[in-house]
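# Structural overview
So you can see what is in the structure, the chains are spelled out below.
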Amino acid sequence: MGNLLKNKLASILPALREEAKSIVKEHGKKNISEVTIDQLYGGMRGVKGLVCDTSEVGLDTGLVIRGIPILELTDKLPEEIFYLLLTGELPDAEALKDLQDGLKSRAQLPQYVIDMLNALPADTHPMVMLNTGILAMEYDSEFRKAYNTGAAKANLWEFMYEDCLNIIARVPVLAAYIYRKRFNKGDMIQPDKNLDWAANYAKMLGIQDDNGKLADLMRLYMVLHADHEGGNVSAFTTYTVGSALSDAYYSISAGLNGLAGPLHGLANQECLAFIVKMRNDFGHSPTDDEVRDYCQKLLDSGRVIPGYGHAVLRVTDPRFTAFLEFGNSCIPDDEIFKIVKQLFEIVPDILIKQGKAKDPWPNVDAGSGSMLYHYGLVEYEYYTVLFSVSRILGLSAQLILARGMNASIVRPKSVTTNWVKKQIVS
Ligand code: HAX
């Protein structure tokens, strides 16, 4: 059970390795990117420095997974997306069921993780709980055991696969437990083997969902956040740590610590907090003029408008469009969702006039929180955990493929300021 995907990978990896080997052998010295001083000081933005085949983000297309634009994948299950990320194909019914059954059979959260979470201060941030929980489960790493007992380099990916599947299976149980504990919602709810991965997560949160809309939203949310190519903070960190042959628990936990930053995953928490505060500051649904003034004042005080701008994108993030479509069909009259739409009409013009942000358009975080809020997930400190549960699909796929390709240890060259000055003179 759960082996069809692994067998599929075993059948495609040799050809992928051969292809990479021959590209390097025949064209290894070909120049494909240059680095300017702007980029040196600007977070290496745009420097082409690693290969990631799971997905790509075009500045004018947004997220494309294995050649399929994300807006064409919104009716899929997260499990199907994971299969697609890894293999480049969507699973047939048998492969999907096999993967789902495999995940269900691995979904037990160890008692030591529960005990450890219970020992943390009650108001610990949910992201600290999640990342600590994942790191603690390193105790069970198959990869580390295989490495320590001399597994061949060419087979290490199989153990990375086992660790990643265990993490993917357990993380909704862990994340739901964190929600219930951190926000005093009562006892843990056990997984339901009849439900798919995302619906099961929604059920374990314990939020009333009579018409199944929260489960629908959760499936969509998990699909939209699953991957965003290889150079973003969480993906690049995971890849780098994994390149030292640290196992998936170390690597993913490290990556998610980056996702916890306000310029990355934490932005969705900040975005909803910003909208709810605006609503509360006015004491009523704000008019367009009030929204415009409010945003202008925020900019004038030197702060960023949460949910707008992106390091790569230069168009409205299609993932925002997907949430907008969901909101328009399910919660068109929701007060917070209406403010999301007002901001979409107003903020880009303000940012264009200010002339600083390279991308004045909404990113994925501009809309997701309003929907979660509507369906009763109102504790926005928790939102980055949801993002993380989804992003673990992509981080895992990238780690498994990197190990399958025997990826080298990451080691770019740093330079000193004196070296830079010498380049300027010469
Ligand atoms: N509001 C105000 N100013 C903004 C802005 C915004 N939303 N977005 C960018 N700018 C400013 C930057 O702060 C920067 O100002 P300085 O020159 O004074 O430093 C300038 O515009 C140029 O920035 P940029 O090159 O366009 O953007 P970066 O690639 O440096 O940063 C960010 C991209 C996403 C971090 C940025 O747009 C931002 O801070 N946005 C708000 C926070 C946010 O929504 N983050 C979530 C991003 C999505 C994501 O990764 N989720 O995980």
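Once a new chain begins, its residue numbering starts again from 1 and follows that chain's sequence as written. Only residues with pLDDT of at least 70 are given local features in this predicted model, and only at 80 or more are side-chain atom pairs given and counted; all residues enter the totals for whole chains, interfaces and linings. Only hydrogens and water are removed before side-chain values are computed, so all heavy atoms of the structure are retained for them.

## Structural notes on the pattern of salt bridges
The following threshold applies: One side-chain nitrogen of Lys or Arg within 4 Å of one carboxyl oxygen of Asp or Glu is enough to make a salt bridge. Numbering of helices and strands runs from the N terminus; a helix is a DSSP stretch of H or I covering at least four residues, while a strand is a stretch of E covering at least two. Relative accessibility thresholds used throughout: buried, under 20% of the residue-type maximum; exposed, over 50%; partly exposed, between the two (1.4 Å probe, protein chains only).
Evaluation of the coordinates by the stated rule reveals 18 salt bridges. For E379, the salt bridge is made with K185, and the minimal N-O distance between the two is 2.8 Å. Taken together, the residues span a long stretch of sequence, with E379 in the loop between α17 (365–374) and α18 (383–404) and K185 in the loop between α8 (156–182) and α9 (197–205) at a distance of 194 residues. Take E379: its relative accessible area is 13%, and that puts it in the buried class. Exposure remark for K185: the relative accessible area of 34% places this residue in the partly exposed category. Here K203 ties to D192 by a salt bridge, and the two come within 3.0 Å at their closest N and O atoms. Residue K203 is located in helix α9, and its partner D192 is located in the loop between α8 and α9; the two are separated by 11 residues in the primary sequence. The exposure class of K203 is partly exposed, given its relative accessible area of 43%. Residue D192 is classed as buried on the basis of its relative accessible area, which comes to 17%. Connected through salt bridges with shared partners, the residues D196, K213, D216 and R219 form a single ionic network.

## So, the packing of aromatic side chains
We count it as follows: Stacked, tilted and edge-to-face are the three classes applied to pairs of Phe, Tyr and Trp rings, where Trp contributes its six-membered ring and a pair requires centres within 6.5 Å; stacked means planes under 30 degrees apart, edge-to-face means over 60, and tilted covers the rest.
Counted under the stated rule, the structure contains 9 aromatic pairs. Both rings, one in F274 and one in Y294, keep their centres 6.2 Å apart while their planes meet at 45 degrees; by these two values the pair is tilted. Taken together, the residues F274 in helix α13 (residues 267–282) and Y294 in helix α14 (residues 288–300) connect sequence positions 20 residues apart. Both residues of the pair, F274 and Y294, belong to the buried class. Residues F282 and Y294 carry aromatic rings whose centres are separated by 5.6 Å and whose planes lie at 50 degrees to one another, so their mutual orientation is tilted. Here the residue F282 occupies a position in helix α13, and Y294 occupies one in helix α14, the gap between them amounting to 12 residues. Judged by its relative accessible area of 17%, Y294 is buried.

## Thoughts on the packing of α13 against helix α16 (residues 335–354)
Which entries qualify depends on this criterion: The axes are straight lines fitted to the C-alpha atoms, using for helices just the contacting stretch, and the angles between their N-to-C directions are given from 0 to 180°. Geometric relationships in this document are graded by angle, where less than 35 degrees denotes roughly parallel, more than 145 denotes roughly antiparallel, 65 to 115 denotes roughly perpendicular, and other angles denote oblique. By the convention used here, residues are in contact when the closest approach between their heavy atoms is within 4.5 Å. For this classification, the nonpolar set comprises Ala, Val, Leu, Ile, Met, Phe, Trp, Tyr, Cys and Pro, the charged set comprises Asp, Glu, Lys and Arg, and every other residue, Gly included, is treated as polar.
One can describe the packing of α13 onto α16 by two numbers: an axis separation of 10 Å at closest approach and a directional angle of 105 degrees. Between α13 and α16, the angle falls in the class roughly perpendicular. Mapping the contact onto sequence places L272, F274, I275, V276, M278 and R279 in α13 and E335, I336, I339, V340 and L343 in α16. Here the residues of the contact of α13 with α16 are counted per class, giving 9 nonpolar, no polar and 2 charged.

## Some points on unusual backbone geometry
Phi is positive for L245, which is not a glycine, with a value near 65 degrees. Considering the arrangement of structural elements, one finds L245 in the loop between α11 (233–243) and α12 (248–259). Phi at N406 is positive, roughly 55 degrees, even though this residue is not glycine. With a relative accessible area of 27%, N406 lands in the partly exposed category.

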